[in-house]
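The lines below spell out each chain.
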Amino acid sequence: QVGAFMEGMKHNRSIEEFRFHHEIEGDSIIDRLAPFIIHNTNLKQLRLFEVDLGFNCAHRLAVALIQRQHKSLTRFVLSRNNLSSEALAEITAALTGYPYLKSFSVSGNVLIGRDGCESLGAIIRVAALHLEQVFHDDDDLDDEGLQTLVAALTNATTLQLLALSSNRSITAAGLRALSHLFSSACPLETLFLEDMNIGDEGAEAL
C-alpha cells in the first residue's frame, strides 16, 4: 500500500506540505519520492519522520533536492532518521540553494555528533539563506558540539528560535558558550532547554 501511494505521489505537482511517518528503510521510499520532490512546483514543507536515512539514501535525497527547479521549501523536518554526520552533510550542502528555507529540524538524530554541528553551522553561515528556526533537540548533543554550533550562530542574523531540549550531555561549559549568543548579532527570541541537566551552575552560566 505504501509503495502504491508513493508511486502515485510522483505525478503530483500541487501539494504544498508533505509529511511521511513510517518506520521503514529509506531507500525504497526516497527512490519513489524523488520524482515528487524534483517536479512538484508548490512544495513548501517536507517532513520525514522515522524514515531510516543511511548515507546512500541521504545522498539520493540530496540529489533530488539539487535537481529540484523550484527552490520553494520553507520548512524541512528530518526527525529520528538515524542520520550520520556524513549523511547530514550531504543534505545540508543541497539545502544551500534554498533561499526561502526558514525552518530546519534534525531532532532525534543522535548519530550526527560534532561533525553534524559543523554541517549545520555551514548552512547557517550561507548568506543567501534566512533561517529563522533550528531544531536540534534530542540529538545527544554535548558541550563540544554546542560550542561548534554557537560559533556559527553568532553571525546568524535572522535566527529567532533555537530548540536544544533533551540534550542531557550539555553541561554548564556548553551553556556558557551558548550565553555568548545574547550579546551577538543573533536576534534569538525563543530558546528551548527542556529536559536537560542544567542545574544551578548551568543556570548561572546563562
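Our subject in this report is the structure included herewith. Computed from a prediction, not measured in an experiment: that's the story for all the values here.

What follows covers the overall build of the protein. For the protein, the helix and strand inventory stands at eight helices and seven strands. In summary, the protein has a C-alpha radius of gyration of 17 Å against a globular reference of 17 Å for 206 residues, a match within 12%. Taken along the three principal axes of its C-alpha coordinates, the protein extends 55 × 30 × 25 Å. Excluding contacts between residues fewer than 6 apart, the proportion of contacts in the protein whose partners are at least 24 apart in sequence is 85%. When the accessible surface of the protein is summed, it comes to about 9300 Å², and 47% of that surface belongs to carbon and sulfur atoms. Across the protein, the centroid of the 16 positively charged side chains sits 11 Å from that of the 27 negatively charged ones.

Now for unusual backbone geometry. Even without glycine at this site, Arg 80 takes up a positive phi of about 55°. With respect to the helices, strands and loops of the structure, Arg 80 is situated in the loop between strand E3 (75–79) and helix H4 (85–95). You will see that Asp 195, though not glycine, has its phi angle at about 55°, which is positive. The topology assignment puts Asp 195 in the loop between strand E7 (190–192) and helix H8 (199–205). Asp 195 sits in the partly exposed class, given a relative accessible area of 47%.

This next bit is on the pairing of E3. Summarising burial for E3: four of the five residues are buried, a large majority. Pairing analysis gives five bridges linking strand E2 (residues 45–52) to E3, with the strands arranged parallel. Note that in E3 the partner of Arg 47 across the bridge is Val 77. In this region the chain leaves E2, passes through helix H3 (residues 55–67) and returns to the parallel neighbour E3; the handedness of that crossover is right-handed. In this sheet, strand E4 (residues 103–105) lies alongside E3 in parallel orientation, the contact comprising three bridges.

Conventions and cut-offs
Starting afresh in each chain, residues are numbered from 1 along the sequence in its written order. Where totals are concerned, whole chains, interfaces and linings use all residues; where local detail is concerned, this predicted model gives features only for residues with pLDDT of at least 70, and gives and counts side-chain atom pairs only at 80 or more. The basis for the side-chain values is all heavy atoms of the structure; hydrogens and waters are excluded. Elements are defined by DSSP. Helices are runs of H or I of four residues or more, strands are runs of E of two residues or more, and each kind is numbered from the N terminus. Here the globule rule is a power law, 2.2 Å times the number of residues to the power 0.38, and the radius of gyration is based on C-alpha atoms. Here, two residues are considered to be in contact whenever any of their heavy atoms come within 4.5 Å of each other. The accessible surface values rely on the Shrake-Rupley method and a 1.4 Å probe; as for residues, cover is taken only from the protein chains in view. In this tally, Lys and Arg are treated as positive and Asp and Glu as negative; His is ignored, and so are the chain termini. The atoms used to mark charge sites are NZ of Lys, CZ of Arg, CG of Asp and CD of Glu. Note on classification: 1.4 Å probe, protein chains only; a residue is buried when its accessible area is under 20% of the maximum for its type, exposed when over 50%, partly exposed between these limits. Strands pair, by our definition, only if DSSP identifies at least two bridges between them. With the strands aimed away from the viewer, a crossover counts as right-handed if its path from the first strand over the helix to the second runs clockwise.

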